[in-house]
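Given next are the chains, with one letter for each unit.
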Amino acid sequence: MLTFDKLLILDRRLSARVVRFVSQASWLRILAVWLTHTGDSVLWLVIAVVAIFWGNNMWRALGNRMLLGTLAASLATWVLKWTFRRQRPPDAQLKIYSRLDQHAFPSGHAGRGACLTALLAPVLPLWGGVGLVAWTLLVGLSRVGLAMHLLSDIVGGWITGLVVGGVLLWLGAVYGLI
């Protein structure tokens, strides 16, 4: 029978494999760092503001979804992080994240990615939606590869982001918010 303790051990083992894989080559670590930063809140907020203020109607609509999704997913993951207070793995390779946010569960990057994918994919061409899904998966794996999170933190972030994105889509459909 799979107990909670066994799941935690499996989580740590699988996460360690991802860390070892990324550590094999410097180009993989550079790619992981780059991917991680593509999921930063500040980047998405800047893109959203630029789209809202300087874009045409289509870009404004996308910018509104980006802004709302980034803020809502960040708030949801922040509340859950402070509820669970799970510490980051001790060998985290990007210390700035550990100083800014010492809690790991659920991953804010994974939550933001999943929420943005849920909000943007329905209004993009198929290739755009598929690209967002791939990006969300790769950002999550990059966080594990840099030892910032365990895989369970990422899965928790994805679930959180999908729930927040689904609620926002529902609110948008019912109240016309997005």
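Here the structure is a predicted model, which means the values were calculated and not measured.

Before going further, it helps to examine the pattern of salt bridges. Close approach of charged atoms allows side chains of opposite charge to pair. Under the defined criterion, the tally for this structure stands at 2 salt bridges. As a salt-bridge pair, Asp-11 and Arg-86 come within 3.3 Å of each other at their nearest N and O atoms. Pair noted here: Asp-11 is in helix 1 (residues 4-23) and Arg-86 is in the loop between helix 4 (57-84) and helix 5 (95-100), with a separation of 75 residues, a long-range link. Of the residues examined, Asp-11 reaches a relative accessible area of 8% and is grouped as buried. With its nearest N and O atoms 3.2 Å apart, the salt bridge here joins Asp-153 to Arg-86.

Further remarks concern the environment of Gly-131. Mapped onto the secondary structure, Gly-131 falls in helix 7 (residues 126-145). According to the relative accessible area criterion, Gly-131 is partly exposed, its value standing at 37%. Between the C-alpha atom of Gly-131 and that of Leu-141, which follows or precedes it by 10 residues, the distance is 15 Å.

Take the nonpolar core next. In terms of nonpolar packing, the biggest core is built from 9 residues, these being Trp-44, Ala-48, Leu-62, Met-66, Leu-116, Leu-120, Leu-132, Trp-135 and Val-139. When residues of this core are traced back to their parent elements, those giving at least two are helix 3 (41-54), helix 4, helix 6 (108-120) and helix 7. Per-element tally for this core: the top contributor is helix 7, with 3 residues. In contact with Leu-62, not counting residues within four places along its chain, are Leu-120, Val-123 and Leu-124.

Each value, and the rule that gives it
Residues numbered from 1 in each chain as written. Predicted model: local features only at pLDDT ≥ 70, side-chain atom pairs only at ≥ 80, totals over all residues. Heavy atoms only, no water. Salt bridge = Lys/Arg side-chain N within 4 Å of Asp/Glu carboxyl O. Helix = DSSP H or I, 4+ residues; strand = E, 2+ residues; numbered from the N terminus. Buried < 20%, exposed > 50% of the residue type's maximum accessible area, 1.4 Å probe, protein only. Core = buried A, V, L, I, M, F, W, Y, C linked by side-chain atoms within 4.5 Å. Contact = heavy atoms within 4.5 Å.

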